[in-house]
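Single-letter residue listing:
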Amino acid sequence: MAPRTIKSMARGYALPTWLKWVYLGFVAVLVPTYAWWYGLANFLWFSNVALLLGLLGVWLENRRLLSTQLISTLVPETVWIVGFVGGLLRGGHPPLGVTAYMFDAEIPLFIRTLSLYHLVLPWLLLWLVWRLGYDRQALWYWIPAGWAILLVTYFASSPERNINFVFGPGYEVQDVIPAWAWLLVLFICVALLWGATHLLILKALAWLRRRAV
């Protein structure tokens, strides 16, 4: 049985071939560059996971895979965009620490330029699921997958990096509650965030369909 989806006005059209190759070319440059500068653990960030799984979803034209990554990144990437734009407007002093690295002169400009994919990724994923259809079941596939990524991040990364904030909020390692309790809190928070994002996506796609009629 085919997965239940929110079908778009563009249903039935394959994704452009040029998009697939441009996406692949970009990732082919980013992956070895990031691995050299940041290390392999950096790919555990949900944004980087979405970039890589999004590439697979584009080539397979898999709406479920793309839908899960839209759920994962729509809100956090929007926050990243706000933080980055705020940093530009404030002369290199971002209001949110999550984008501080984009204004760090010690990081090569080329690597920071590659990170500009954050500006594009959420809107690209939104367009892709509008074109292919949104999978209503994606949330229930993503929650356990996302939790698994958090567990891997906890055991495979370091508190100094605090990837996906598995050691504490922001970039600080918390010591107020036991580590297992913080992970439990994090699991609950991200599940609630993803659930809210799922509902937001349904409303956004419904609005886009009405506008397209």
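Remember, it's a predicted structure, so these values are computed and weren't measured experimentally.

### Re the overall build of the protein chain
Scanning the protein chain for helices and strands turns up seven helices and two strands. Relative to its length of 213 residues, the protein chain is compact, with a C-alpha radius of gyration of 18 Å against a globular reference of 17 Å. When the 213 residues of the protein chain are sorted by exposure, 45% land in the buried category. For the protein chain, the share of sequence-separated contacts (at least 6 apart) that also reach a separation of at least 24 residues comes to 70%. Carbon and sulfur atoms make up 71% of the accessible area of the protein chain, which amounts to about 11300 Å² in all. Of the side-chain charges in the protein chain, 15 are positive and 8 negative, and the distance between the mean point of each set is 23 Å.

### A short note on the pattern of salt bridges
Enumeration over the complete set of coordinates arrives at two salt bridges. Note that Glu61 and Lys20 form a salt bridge whose closest N and O atoms lie 2.9 Å from each other. Highlighted residues: Glu61 in the loop between helix 2 (46-60) and helix 3 (63-89) and Lys20 in helix 1 (residues 17-37), separated in sequence by 41 residues. Residue classification places Glu61 among the partly exposed residues on the basis of a relative accessible area of 26%.

Thresholds applied
Residues numbered from 1 in each chain as written. Predicted model: local features only at pLDDT ≥ 70, side-chain atom pairs only at ≥ 80, totals over all residues. Heavy atoms only, no water. Helix = DSSP H or I, 4+ residues; strand = E, 2+ residues; numbered from the N terminus. Rg over C-alpha atoms; globule rule 2.2 N^0.38 Å. Buried < 20%, exposed > 50% of the residue type's maximum accessible area, 1.4 Å probe, protein only. Contact = heavy atoms within 4.5 Å. Areas by Shrake-Rupley, 256 points an atom, 1.4 Å probe, with all protein chains shown as cover. Lys, Arg positive; Asp, Glu negative; His and termini not counted. Charge placed at Lys NZ, Arg CZ, Asp CG, Glu CD. Salt bridge = Lys/Arg side-chain N within 4 Å of Asp/Glu carboxyl O.

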